[in-house]
Amino acid sequence: MSILVIADHDNASLKPVTLNVLSAAKAIGGDIDVLVAGEGCGAAAEAAAKADGVAKVLVADNAAYGHHLAENLSLLVADLGKGYSHVLTSAGTTGKDFLPRVAALLDVAQISDIIRVESADTFVRPIYAGNAIATVQSSDAVKVITVRGTGFDPVSGEGGSAAVEAIDNVQDAGKSAFVSEEMAKSDRPELTAAEIVISGGRGMQNGDNFKILESVADKLGAGVGASRAAVDAGFVPNDMQVGQTGKIVAPNLYIAVGISGAIQHLAGMSGSKVIVAINKDEEAPIFQVADYGLVADLFEAVPALDAAL
Amino acid sequence: MKVLVAVKRVIDYNVKVRVKADNTGVDLTNIKMAMNPFCEIAVEEAVRLKEKGVASEIIVVSIGPKVAQEQIRTALALGADRGILIETEEEVQSLQAAKLLKAVVDEEQPQLVILGKQSIDSDNNQTGQMLAALAGMPQGTFASEVVVDGDKVSVTREVDGGLMTVALNLPAVVTTDLRLNEPRYASLPNIMKAKKKPLDVKAPADLGVELKASLAITKVEEPPVRSAGIKVADVAELVDKLKNEAKVI
Ligand SMILES: Cc1cc2nc3c(=O)[nH]c(=O)nc-3n(C[C@H](O)[C@H](O)[C@H](O)COP(=O)(O)OP(=O)(O)OC[C@H]3O[C@@H](n4cnc5c(N)ncnc54)[C@H](O)[C@@H]3O)c2cc1C
């Protein structure tokens, strides 16, 4: 068996989730190559070479791959991928964007968002917002898979010394172009990697009030998330949404503030180790999954929590 | 320009699914079904493009059992012009759905195809991208804004780090995210009118697509249940529990 893992990176650095994807690859077993496709992505490739269990790092460094445009990247990965038994990447928005194109080009199915490897052809993934867990067996020659990072403990990012090999394979579909991006800047830990996450919902009332969560987050070294209602209302940007159709988080501690606990929200955080809910409605469904529930007005409870830390 | 919208009949998003006792799937008998919420957003976007004079005709297509005509009628009531049902009682996987849609694209030659980014049953998030690859089209996935400008469409995408805007040559595929728009409700007169709009029914074989599935679901189980913990009296007790019992802060 031979596995191609497509690295998540921003050219300058490797995203930690790549180490979780490598862990899934290891569970499948076989030689693992990593593809780093980008523009000026040498540093990310160096980092990938240090990760545990990597045989070879392939680097496709070209302007065509600079913004991970799915049209170009999928042509490259399909071209390389046909020589492997498995093609894996993380179920982030980049992987979700380009990998189904790869599967279609290879005329195989994609298995999305796996949380466990049963064997080289059988995988476990949540369906129906995590309300059911399916075991899926594939009969395709190439298994094309996105991996939910929180399902796998990361491999070590140090100690490896894989060969780094530049590949000259430029695929430019010529049908799409990057225009601009508006990326959230934050010194807080990235949501999906944070040990502690504190999220606010509609109960926060406005974006300004998120400051009280941020103050607690800074004391705890936590990431700050939100419910869909808080994002839809414009309190906070979309990249903070936790849930079925937002980010999936599984921190040691998740604190839900002014969030009712709709199934779509639970789908994104019920894998957390310890859940705390602060809500003024004692009937709120969030309390059914919370290890510690505090029935209180958040505008009193959160500042008090801040003061107590 | 012609706009093609794909819609899927799925379990209503408010319904809590139950896993069948024999672990073969989820129990859908007597369950309320509806149009997938992301597909509603796709229909709404097409209708807005028509209202702006950008779209000339909206064709709505669904793949599914005979009753999926209900979801097509809903889309027609919201403003689509005609419908196509690709009727099958079989479970259709994403790649096969994409191949069926590709056949419709070949026939209809739309300039824009709009789909939901994922359906809330299988949560796959694949069909739009697969269709785009098969049709050789560019794609704007997880769209929060779509602006058609001449022979290009600019799509702002919700990505993990924030927002990213791409410019795509038409024809193109767009998949919708939650913030693209807020779908309207169909009015009673429009629901009545929709009954008279054309709705074509085809079989997968008519489109030359064989429904062979390469993925087999061998087991469906309940997720591990989380049980409710305790209620704490105040913030002091909460902090004490987190420090000394859970040891997470
Ligand atoms: C297709 C689809 C996808 C979706 N995807 C997601 C997703 O990814 N993530 C997600 O979160 N949702 C998602 N949703 C939306 C989901 O169904 C809920 O609507 C949403 O999670 C509700 O957000 P909320 O809990 O903040 O708001 P509400 O349900 O309105 O709850 C607000 C809570 O705040 C409490 N509250 C109010 N004021 C105070 C106060 N002063 N002090 C303490 N408590 C207070 C209230 O008691 C209430 O429980 C999706 C829905 C659909 C249809």
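Bear in mind that the values here come from a model prediction, so they are computed numbers and not experimental data.

J.: Quick question: what am I supposed to make of the site of the ligand here?
T.: Among the 30 residues in the neighbourhood of the ligand, the closest are listed as R202, S227, Q241, S260 and N279 of chain A. At the site occupied by the ligand, the surrounding residues belong to chains A and B. Note that an oxygen atom of the ligand is positioned 3.4 Å from one of the backbone N or O atoms of G246 of chain A. The contact in question runs from an oxygen atom of the ligand to an N or O atom on the side chain of Q264 of chain A, over 2.8 Å.

J.: How should I be thinking about the pattern of salt bridges in this particular structure?
T.: Side-chain pairs of opposite charge can arise where the charged atoms are in close proximity. Applying the stated criterion across every chain yields a total of 29 salt bridges over all chains. Ionic pairing is found between E108 of chain B and K2 of chain B, a salt bridge with its closest N-O pair at 2.9 Å. With E108 of chain B in helix α3 (residues 94–108) and K2 of chain B in strand β1 (residues 2–7), this pair connects stretches of sequence that are 106 residues apart. A salt bridge links D12 of chain B to K32 of chain B; the shortest N-O distance between them is 3.4 Å. Placement of the pair is D12 of chain B in the loop between β2 (9–11) and β3 (33–35) and K32 of chain B in the loop between β2 and β3, with a sequence separation of 20 residues. Sharing partners across several salt bridges, the network here consists of R228 and D232 of chain A together with E158 and R179 of chain B.

J.: Can you walk me through the sheet that holds strand β10 (residues 172–176) of chain B in this structure?
T.: Two orientations exist for strands paired in a sheet by backbone hydrogen bonds: parallel and antiparallel. One open sheet accounts for 10 strands, arranged β11(A)-β9(B)-β8(B)-β7(B)-β10(B)-β6(B)-β1(B)-β4(B)-β5(B)-β11(B); its pairing is mixed. Since the sheet does not close on itself, it has two edges, and those belong to β11 (176–183) of chain A together with β11 (199–202) of chain B, each with one partner. Within this sheet the neighbouring strands show an average axis-to-axis angle of 25°, counted without direction. Pairing of strand β4 (residues 57–64) of chain B with strand β5 (residues 82–87) of chain B involves six bridges; the strand directions are parallel. Within the sheet, the bridge partner assigned to V60 of chain B lies in β5 of chain B and is G83 of chain B.

How each quantity is defined
Residues numbered from 1 in each chain as written. Chains lettered and ligands numbered in written order. Predicted model: local features only at pLDDT ≥ 70, side-chain atom pairs only at ≥ 80, totals over all residues. Heavy atoms only, no water. Near = heavy atom within 4 Å. Polar contact = N/O pair within 3.5 Å; in protein donor to acceptor, adjacent residues only side chain to side chain. Salt bridge = Lys/Arg side-chain N within 4 Å of Asp/Glu carboxyl O. Helix = DSSP H or I, 4+ residues; strand = E, 2+ residues; numbered from the N terminus. Pairing = 2+ DSSP bridges. Axes fitted to C-alpha atoms, helices over the stretch in contact; angles between N-to-C directions.

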